[in-house]
Structure formats: C-alpha cells, structure tokens
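# Coordinate analysis (summary)
Given next are the chains, with one letter for each unit.
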Amino acid sequence: MAEAATLPGVGDALALGLTRDEYELVCAKQGRVPNQVELAMYSLLWSEHCAYKHSKKLLRTLPTQGEHVVMGPGENAGAVDVGGGLVCAFKVESHNHPSAVEPFQGAATGVGGILRDIFAIGARPIAVLDSLRFGEPGPASEQRPSGPAARVRYLLEGAVSGIGHYGNSIGVPTVGGEVYFEGPYEQNCLVNAMALGLARREQLIRSAAAGPGNLLVLFGASTGRDGIGGASVLASAELGGEGEDAAKRPTVQVGDPFEEKKLLECSLELLQLGLLVSLQDLGAAGLTSSAAEMASKGEVGIDIDVARVPLREAGMEPFEVMVSESQERMLCVVEPANLQAVLRVCEKWEVGGTAIGSVTETMLVRVLDGAELVGEMPVRALVDECPLYDLHPEKPAAPIYAPPEASVALGCSHREALLALLASPNLASRRALFEQYDAIVQSRTVRRPEQADAAVLALPDGSAIAVSIDGNGRRVAADPRRGTVAAVLECAANLACVGAEPLGTTNNLNFGNPEKPHIAWQLCESVAGLAEACRALRAPIVGGNVSLYNEGSTGPIYPTPVIGMVGRLPDARRAGALAFQRAGDAIAVVGAFSPSAGAGELAKLEGRPLPDGLPEIDIQAAVATHAAVRDAVRAGSISSAHDIAEGGLAVAVAECCLAGGFGASLRVDVDVDADAGGDARSALFGEAPGGFILSGPASELEALGERVPVQLIGSVGGEMLRIDLVGCEPPDGLDAALAELQEAHAGGLAGFFH
Amino acid sequence: MLIRPKAGILDPQGVAVERALPALGFEGVHNVHIGRLVELDVSEPGRLEEMCEKLLANPLVEDYEIILDR
Amino acid sequence: MKFGVLQFPGSCDEVDALGAARRVGEAELIWHGDRDLGGAEAIVVPGGFSYGDYLRAGAIARFSPAMESVIDFAAEGGLVLGICNGFQVLCEARLLPGALLPNTNLRFTFRQVELEVQAASTPFTRACSPGQLLSIPAKHGWGRYYAESHTLDAMQDAGQVVLRYAQGQNFNGSARDIAGVCNEQGNVFGLMPHPEHAVEELIGGSSDGLLIFESMRMAVAGRG
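Residues numbered from 1 in each chain as written. Chains lettered and ligands numbered in written order. Predicted model: local features only at pLDDT ≥ 70, side-chain atom pairs only at ≥ 80, totals over all residues.

Time to look at the overall build of chain C. A count of helices and strands for chain C gives 6 helices and 11 strands. Taking 17 Å as the expected radius of gyration for a compact globule of 224 residues, we find that chain C reaches 15 Å, a close match to that expectation. Projecting the C-alpha coordinates of chain C onto the three principal axes gives extents of approximately 40 × 40 × 35 Å. Split into buried and exposed, the 224 residues of chain C put 61% on the buried side. (Helix = DSSP H or I, 4+ residues; strand = E, 2+ residues; numbered from the N terminus. Rg over C-alpha atoms; globule rule 2.2 N^0.38 Å. Buried ≥ 20, exposed ≤ 12 C-beta atoms within 10 Å, placed from the backbone.)

On to the sheet that holds strand 9 (residues 301-305) of chain A, then. Residue and element names in this part refer to chain A. As summarised here, the arrangement of the 7 strands in space is 8-10-7-11-9-12-13, forming an open sheet in which the pairing is mixed. What marks the edges here is a single partner per strand, and that holds for strand 8 (278-281) and strand 13 (372-378). Neighbouring strand axes in the sheet, compared pairwise and without regard to direction, differ in orientation by 25 degrees on average. Both strand 12 (residues 364-369) and strand 13 contribute to a ladder of 6 bridges, which runs antiparallel. Residue pairing across strands places Arg-366 opposite Glu-376, the latter belonging to strand 13. Most of the contacts of helix 3 (residues 36-45) go to strand 13, to which it runs at about 35 degrees, and overall it touches strand 12 and strand 13. In the packing of helix 11 (residues 286-298) onto the sheet, the strands contacted are strand 8, strand 9, strand 10 (329-334) and strand 12, and the crossing angle to strand 9 comes to about 150 degrees. (Pairing = 2+ DSSP bridges. Axes fitted to C-alpha atoms, helices over the stretch in contact; angles between N-to-C directions. Contact = placed C-beta atoms within 7 Å.)

All names here are of chain A. Here strand 9 runs beside strand 12; their pairing, made up of 4 bridges, is parallel. Bridge pairing in strand 12 places Asp-305 opposite Leu-368. Linking strand 12 back to strand 13 in an antiparallel pair, the connection comprises 2 residues, with Gly-370 at a positive phi of about 70 degrees.

On to the sheet that holds strand 3 (residues 62-65) of chain B. Within a sheet, adjacent strands bond to each other through the backbone by hydrogen bonds, running parallel or antiparallel. Residue and element names in this part refer to chain B. The strand order across the open sheet built from 3 strands is 2-1-3, with neighbouring strands paired in antiparallel fashion. Unpaired on one side and paired on the other, strand 2 (36-37) and strand 3 mark the two borders of the sheet. The sheet contact formed by strand 1 (residues 2-5) and strand 3 spans 4 bridges and is antiparallel. The residue of strand 3 that forms the bridge with Leu-2 is Glu-65.

All names here are of chain A. Here chain A is described as being made up of domain 1 (10-57 + 205-383) and domain 2 (58-201 + 394-750). Facing 29 residues of domain 1, the contacting portion of domain 2 comprises 30 residues. At the level of elements, helix 5 (56-59), helix 10 (257-272) and strand 8 are the ones that each hand at least two residues to the side of domain 1 that touches domain 2. Of the residues forming the side of domain 1 that touches domain 2, the biggest block, 8 residues, is contributed by helix 10. Looking at side-chain class alone, the side of domain 1 that touches domain 2 contains 11 nonpolar, 10 polar and 8 charged residues. (Domains from an automatic or database assignment. Nonpolar A, V, L, I, M, F, W, Y, C, P; charged D, E, K, R; others polar.)

With that out of the way, let us pick up the environment of Ala-108 of chain A. Residue and element names in this part refer to chain A. Checked against the element boundaries, Ala-108 lands in helix 7 (residues 103-119). Between the C-alpha atom of Ala-108 and that of Asp-369, which follows or precedes it by 261 residues, the distance is 33 Å. When near neighbours in sequence (up to four residues on either side) are disregarded, Ala-108 contacts Gly-162, Ile-163, His-165, Tyr-166 and Gly-255.

Here is the structure:
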C-alpha cells in the first residue's frame with residue numbers, strides 16, 4: 001500500500017470520538033497504525049450509533065421470537081405476518097441530533113432514512129408515523145416569545161414541515177404520531193420516525209452479501225460531502241481542515257424525496273425482476289457501514305473502488321467518499337450476468353447506477369482508489385469485534401430533574417383544571433400538525449388522525465393493519481421500569497380500541513449518557529420493563545434503535561422509550577373509533593382502573609416534582625381488558641372506545657365528547673380510602689394503565705362485566721360535560737359547556753404555527 | 001434570470017417576510033417580494049427570452065429579467 | 001370504456017386514480033415517455049409531485065411525450081381530467097386557463113372539503129345535480145387558483161367554472177372560491193381536490209368523487 005504523507009495519530013482518533021483504549025485496539029487489530037481511511041471507518045463503525053457499544057448486551061434480553069415474526073432484529077427492518085400471504089415490515093428510528101441542528105432537514109431525512117430501511121427489505125412503504133419531543137413552547141397567547149420558547153417553536157415548525165414535505169412528496173401517508181413538550185427536551189429534542197411497509201412474504205430480501213465474484217452496485221443520488229463534519233479533521237494538509245474549508249464540509253444532510261421516490265420504484269422493480277442477491281440502504285456512516293455490514297452478515301469480504309463512485313463534488317478524498325452521508329442511495333449485490341439488466345432498470349427510473357466493487361473471499365474490507373489500495377481492514381474487526389461495554393447502573397440518590405413550572409393554581413376548580421389540561425400543549429388538538437400531512441395517499445387509510453386511538457390501514461382481503469406510536473418521558477423518569485411497562489401497555493391499548501391484536505413491536509430508546517450510573521440505571525430498568533410488557537402482550541421486538549448521549553448543559557432528557565406497535569383486525573369495516581356516536585348511549589369505565597395523581601399531566605401543570613416510583617401495575621389484568629375491549633369493538637356491539645391516558649378519566653371523556661360533538665352526564669365514584677390516593681382530583685384526572693372509556697347500549701357494556709371490571713358511569717347527550725362526584729361531602733364535580741371545551745382544545749397548539 | 005411574481009398578484013411569502021423583519025429590529029422595510037434566480041451558461045443568448053417564456057417562468061403570473069454576464 | 005392514467009416521475013396518486021377509474025371502466029397507466037395513449041377514451045392526469053414540483057408545479061411534466069399526445073387528444077375533443085398536480089400540468093400546458101399558486105397560508109393542507117357543483121352539464125359532472133354538495137378531500141400546498149379578472153368573468157359567463165368551494169371551505173385563497181374549471185369546449189377539466197380519494201365510504205368518508213368518473217363514463221358511452 002502506498003505510504004500516506006502523514007498517518008493520523010491518537011489525537012485524531014480522540015477527535016473522531018474513539019477512546020485511547022479503542023484506538024490501541026484498532027492498532028492491534030490492524031497490526032499497524034491505521035491510515036486516514038481506516039481510522040475514519042473504524043471511528044464510525046465503532047461509534048455508539050453504529051455499534052451499540054453500551055446497549056447491545058442489554059438489548060439481547062428483549063423477547064424477539066413470536067408466532068407472527070417473519071423477520072426479527074438484525075436486518076434493515078423487522079416484519080410480521082398479517083395474513084393473506086402478506087407481511088408488514090416496520091421499524092422506528094431516531095434522528096435527534098441532526099434535527100436539533102436543522103429541524104426541517106433533520107426530520108425530513110429521518111423520514112427518508114426509515115423509508116429506505118423498509119424498501120431495503122423488499123416492502124413497499126405504506127405509512128409513516130412520528131414521535132416528537134421538544135422543550136416548553138411558552139403560552140399559546142404569546143405571539144412572539146423569546147429565548148428557549150422561541151427556539152422550541154422553531155424546532156416544532158421545522159420538524160413538522162420537514163416530515164410533511166418528505167412524506168407527502170414521496171407518496172407515503174403520515175397516518176399518526178405524537179408530540180410532547182417537556183423542559184428536559186429543550187436542548188435535546190427527539191424526532192423518532194416509524195415506517196410500515198407491505199410485501200408478499202416471498203418478496204422479502206436480506207442484506208447479507210454473498211457470492212465471491214459478485215458485483216457491488218451503488219444506485220441513487222450522487223455522493224457529496226453531506227454529513228462529514230466531524231471527520232473533517234482527517235482532511236489532508238493541502239485542503240486544510242479548518243477555517244474556510246471547514247465551511248465547505250456541510251454537516252447537514254439534505255433530503256430529496258423526489259429522488260427517493262424514483263429510488264423506491266427502482267429498488268422494488270429490481271427485486272420484482274429477481275435481479276438482486278442482496279440489498280442494503282446507505283444511512284448513518286454511508287458506504288462504510290453498508291458495505292461492512294453486508295460483508296459481516298455474509299461472512300465475505302468486499303472491495304470498493306472510490307474512484308468509481310459518482311460524485312457531486314470535485315476533489316473528494318477517499319475517506320470522504322467512504323463516510324459521506326449523502327441521502328437517497330442504495331447498495332446491492334448483483335451477479336455479473338445481471339449487471340446490464342440492473343443498470344437498465346436504473347436508467348428507466350432516472351436513477352444513477354454504477355458498479356463500484358465486488359464481493360471477495362478475503363474477509364477483508366478493501367478500499368481502493370483506482371489501482372491504489374488505500375485501506376484494508378478485517379471485516380470482523382470493523383463490525384463484530386468492537387468492544388462492548390457493561391453498564392454500571394445505580395439508582396440516583398436525589399432527583400435528577402427539576403420540577404416543571406406551574407401553570408395552574410393548586411386550588412383551581414375541577415372545571416378550570418380540565419380546561420387547562422385540554423388547552424395544554426401536551427393534550428390540545430394536534431390538528432394544526434396533522435393537517436400538514438397527507439394521510440390518505442395509497443387509498444388504504446380507514447382511520448385518519450384524531451378519528452381513533454390507532455391508525456387503521458385496509459388490506460386487500462378486507463382485514464386491516466392497525467398501528468400506534470407511543471412514548472412517555474415523565475412517567476419513565478418517575479419509575480423507569482413501571483413507566484416503560486405503562487408506555488407499552490398504552491400502545492397495545494390503542495390497538496385494542498380499534499379492534500386490533502398486537503403482532504409485534506419496535507422501539508426507540510432515547511436516553512442520556514449511559515456512562516453515568518443513574519442513566520445506566522434508567523436504561524436497564526426501562527429495558528427490563530419493555531421486555532416484561534412485550535412478553536405479556538406476546539408482541540415481540542422485531543427491530544429498533546437506540547439514541548444515547550441526549551444531554552445538554554441543563555442535564556439529561558427524561559428517559560424516553562418510544563414504542564411502535566403493529567396489530568391486525570379481521571374486518572376493516574368494524575374498525576373502532578373514539579367519538580361518541582349517539583345521544584342516549586351509556587358510558588362505562590372498562591378495566592381495573594386505579595388512578596393516581598403522581599407524574600400525571602395535571603401534576604405537571606401544578607408544578608409538582610416527580611414522585612419516586614409509580615404504583616404497581618397488574619399487567620395480566622390490563623392484557624385481559626385489552627382482549628375484552630378488542631372483542632367488543634370487533635363484534636360491532638359498541639359505539640366508541642378510547643383508552644384513558646394523559647389527563648385521566650375527565651380528559652378521556654372530554655375527548656370523546658369533542659370528537660363526536662356530544663356532551664355527557666357522568667357520576668363518578670370517589671374512593672373514600674385516602675391511603676389508596678382516593679380523592680376527587682385523582683378520580684377525575686389521575687392516570688394509570690388499564691382503563692378504557694366505552695360507549696354503547698348499556699346491555700352490551702354490562703355484558704363485558706363477565707370478563708373484566710365494568711362500571712357504568714353515565715350517558716351521552718346534551719351540550720354540556722357534567723361530572724358528579726359520588727361520595728364527596730360537600731357535593732363536588734364539574735360542569736363545562738362543549739363549546740368551552742372545544743375552544744380550549746382547538747386553541748392550544750394552533751398558534752404555534754404561522 | 002430573475003423571476004418575480006407579477007405586480008398585483010398576492011405574494012404570501014413576501015408578506016410573511018415583510019411581517020417578520022420588524023420583529024427582528026428591521027424597520028422601514030416595504031414591498032418584499034420573493035422570486036427565483038436561474039443561473040446558466042448558454043451559447044445562444046438570443047434564445048434566452050424564448051426559454052423564459054416557454055419554461056423558466058410562467059408569463060401569466062411571473063415577470064422575468066435577463067441579466068447577461070459576459 | 002377505457003381510461004388512461006398518466007404516470008410521471010414523482011406522481012403519487014396515479015395508483016389511486018387507477019383504482020377509482022377501474023370502478024367504472026377499464027384503466028391502464030401511461031408512462032410519461034410514451035406517446036401511445038393505448039386507445040384510452042379518457043385521460044386522467046393524476047396528483048403528486050411530478051418532477052418534484054421543481055421550477056413550478058407541473059412545469060416540466062407538461063413537456064413530456066405523453067402530454068404532447070394528450071394535447072393532441074384534447075384538441076380532437078377527447079376527455080381529459082386533471083387532478084391536483086394534474087390540474088397544474090393542464091394549466092402549464094395551456095389546456096386550461098389560469099394558474100395555480102402557493103396556498104395563502106403557505107402550507108400544505110389536508111382537509112376534507114365540500115364542493116358545490118356550479119355546472120352540472122359538463123362531461124365530468126353530468127351525474128351530479130346543480131348546487132349539489134360533494135365531500136372530497138383536498139391535499140396540496142400549491143392550489144390557489146388565479147386568473148385575471150376579465151378571464152374569470154368570461155369563464156363565469158361561459159359556464160367554465162365547474163366546482164366552487166362551499167361557504168367557508170376555501171382554505172387556499174383561490175380566486176372566487178374556484179375549485180375546478182373546464183376549457184371552452186368543455187372536454188378538459190381540472191380540479192385541486194381529489195375525487196379518486198372519495199370513491200368509498202370506508203376509506204374516503206364519502207363516495208361523491210365516484211360521480212366524476214361515472215359522469216365521464218356516461219359521456220363517452222353517449223358518444224359511442
């Protein structure tokens with residue numbers, strides 16, 4: 001190999017994010033000091049993002065097997081059987097750090113990346129959902145806030161705009177999502193994107209490279225300097241690494257949904273024609289990770305010639321070509337006899353395609369620049385032998401998070417509390433957001449945003465897929481294990497409300513710095529809760545993502561596991577909805593619902609600190625309730641179903657009223673046992689998993705009582721929401737006009753978009 | 001080529017920018033319009049007008065200005 | 001009867017349009033590079049982001065070989081339906097008067113809207129009655145219809161304003177609440193909302209959009 005003028009050293013390794021020990025290990029595995037190209041590739045593949053150094057051991061404890069699982073973790077996406085010979089591929093991924101830098105492009109490329117993961121396994125993307133978390137946006141009445149609140153609104157607008165731009169342009173409907181605002185996310189916003197795809201079972205393709213002598217073909221957009229940023233320390237002296245030239249190396253990846261649409265159609269056609277041995281998309285760490293991972297899975301070697309990669313910019317160095325994160329590119333392995341056919345399909349879709357390398361038997365990744373060898377690394381060293389670290393969890397002795405700022409007076413009336421909750425950014429109508437998304441392209445959407453607790457997509461045989469994405473930071477911060485169990489149960493509850501049974505789960509773990517013992521504790525506890533809940537629901541993890549080091553000068557984010565769950569219902573026409581339908585329908589609380597005030601939305605508005613721990617959860621009871629609700633929805637015997645989540649019973653009922661345009665009259669028991677947390681506030685606004693608000697004929701609701709606890713609490717009708725609290729002396733309750741609730745709910749978020 | 005919205009047609013982008021500037025401390029700004037810049041090298045400058053009329057601008061709603069840089 | 005649905009790089013709703021057309025007749029996709037319209041008796045130019053909406057929405061698609069054939073087809077009286085991006089393409093191709101500009105709120109907006117039928121005797125609305133309200137979803141960022149006043153007056157008089165947004169439903173700022181227009185001959189029609197997404201209650205919340213495809217079927221049958 002030609003001698004490089006100056007080899008990078010330990011200082012460069014540290015600048016690239018490797019530790020001193022890791023650098024020594026790289027040198028040992030290479031048998032020499034790594035050169036520029038090699039160091040760049042190791043630093044990326046051994047980064048937390050690519051190697052899961054701190055989480056891999058923990059993730060191995062998650063349940064991944066199940067009767068519906070067709071493709072489990074380890075591939076570009078997971079997949080479950082949905083009947084009729086079809087599988088549903090799905091996965092969630094984060095794009096947190098890029099979105100904090102440039103929210104529009106960060107969110108857009110996040111959507112682009114997750115979509116590529118779906119069609120990389122041969123499935124046509126059919127839906128997108130997104131989970132967003134930002135800091136506090138300031139009061140809706142304040143038109144032009146300054147400081148952090150202004151930045152929050154900027155991030156919110158940018159991210160929503162970016163998601164809409166990408167999803168709408170590529171023709172994949174955005175059918176659901178969630179957005180939350182909490183102080184700890186102020187400096188570290190979360191943008192998690194989930195996508196679903198559909199394929200015939202036999203169409204699924206894996207990413208392992210195979211067949212020494214086969215060709216590596218790169219197709220899609222040309223390669224530029226996108227995303228190189230940090231690696232620019234390696235730039236050779238003539239080009240300079242600082243000042244003017246540093247500005248030429250953009251860190252922001254710019255997405256082009258039009259290019260990706262062409263790429264998608266091209267990929268699916270190549271697969272349909274049977275022209276590919278394997279397929280992989282280029283995401284984080286570009287060619288470096290795609291090529292290395294394909295080689296590792298296939299237990300083969302790979303040669304790549306950077307001189308053959310189509311470039312968007314002149315004078316790119318080999319290491320830049322290897323680490324570029326230019327979007328909308330795919331890598332495939334092709335038998336030489338099929339190369340011309342592959343290039344013809346690329347040409348038809350106006351997508352550049354070039355053979356850039358080949359599969360070898362060497363078990364090495366070799367990077368060439370024309371005839372010159374510029375990098376050589378053992379595949380195993382790059383991908384499989386990255387050191388994995390143990391976590392050292394320790395429960396924090398003192399609270400980590402400051403209490404939220406109060407925005408309602410502690411002594412306010414129940415009515416004022418309800419209106420404040422409905423107007424709060426976490427609960428207000430999300431219409432201003434989802435109206436920016438096309439939710440209906442591809443003509444499958446049976447339930448659009450705000451119509452039901454989960455999105456529902458029709459399948460050709462008349463059945464349907466249901467999907468929901470749910471996370472919770474504050475409750476997980478109060479109790480990482482139980483908070484995570486609650487988040488998983490909520491996701492499954494949302495599926496039950498539309499009549500779906502869960503098939504599989506994907507998760508994105510968003511946490512702070514795992515090298516800190518209290519964060520490690522959060523992570524370990526959360527994963528334990530995730531495993532427990534997924535097992536109980538028989539909804540195994542089929543894939544996911546981990547985003548660590550989400551910390552700023554003001555501290556870590558709340559520990560935030562985001563759960564995406566896919567389910568199936570046998571008859572699309574019987575998909576549940578959350579709106580009250582008919583005056584006179586009875587309303588019932590279904591399930592063992594033991595609300596508590598701690599870590600709830602009202603507690604947040606009141607400025608209360610997080611409790612230390614949450615009450616125990618009866619998972620089996622919740623699972624049984626899900627089944628009962630699901631069956632009632634499927635039977636078509638009830639009018640509406642909605643799970644009780646943030647804001648408790650009063651908010652859940654208000655949401656059903658608002659969606660249907662009906663008032664309601666309720667009598668709610670207040671548990672007089674003060675030790676069990678029984679009081680009026682808890683009864684109205686306390687939160688806990690396992691409770692649902694159902695409406696319909698009283699007899700149908702009562703019949704459910706044979707399976708699970710059912711309490712008839714009132715009926716639908718009128719223009720008011722009236723709740724009388726039973727067991728209170730003096731009499732207590734709340735009375736609010738539907739119009740008032742409507743005004744509070746509609747106004748909460750709308751003002752944040754210009 | 002500089003391509004601008006025709007006078008008299010509502011330009012909401014221009015309006016949005018005009019409203020945003022004072023909030024940042026820039027007073028006395030009026031008549032903001034947002035258009036497009038098309039830069040190209042051409043061997044037959046005589047055909048530029050036709051290019052604008054046919055593709056680069058929509059003459060119903062846009063005005064264009066050709067600037068030659070020899 | 002046979003529909004031809006054009007497909008450009010970047011079209012999104014062509015498959016949905018195909019599905020809608022197949023509920024009343026036969027339908028095939030026509031690749032943008034083909035001049036052969038495959039014997040189609042009516043052409044649908046679908047929604048989406050042809051060519052990424054680069055330059056201006058529809059500005060590049062209008063020059064494709066398939067569109068050149070469609071222009072000839074229209075000149076000979078063939079029925080042409082342009083939906084959303086398709087409407088933009090037809091305006092850019094000068095098959096319809098006016099232009100589509102960015103929504104006044106500068107935002108892509110997806111909303112179920114009510115449209116009022118203004119002209120019920122066109123080949124695209126004969127299955128409707130005058131003043132009938134159609135519930136159809138709209139989803140676009142660039143849908144504000146514009147034409148000069150005198151053009152609008154002339155169109156009004158000639159019965160070329162086919163659909164209007166009902167009271168309070170015009171979210172994009174279209175001149176005179178215009179949602180859909182046809183040419184002087186009445187054989188070319190463009191609208192921003194998506195009738196192909198309102199062909200079944202379960203998915204679209206309404207099947208009012210089917211009336212437009214049904215009207216076209218009736219019109220073609222009536223000629224034969």
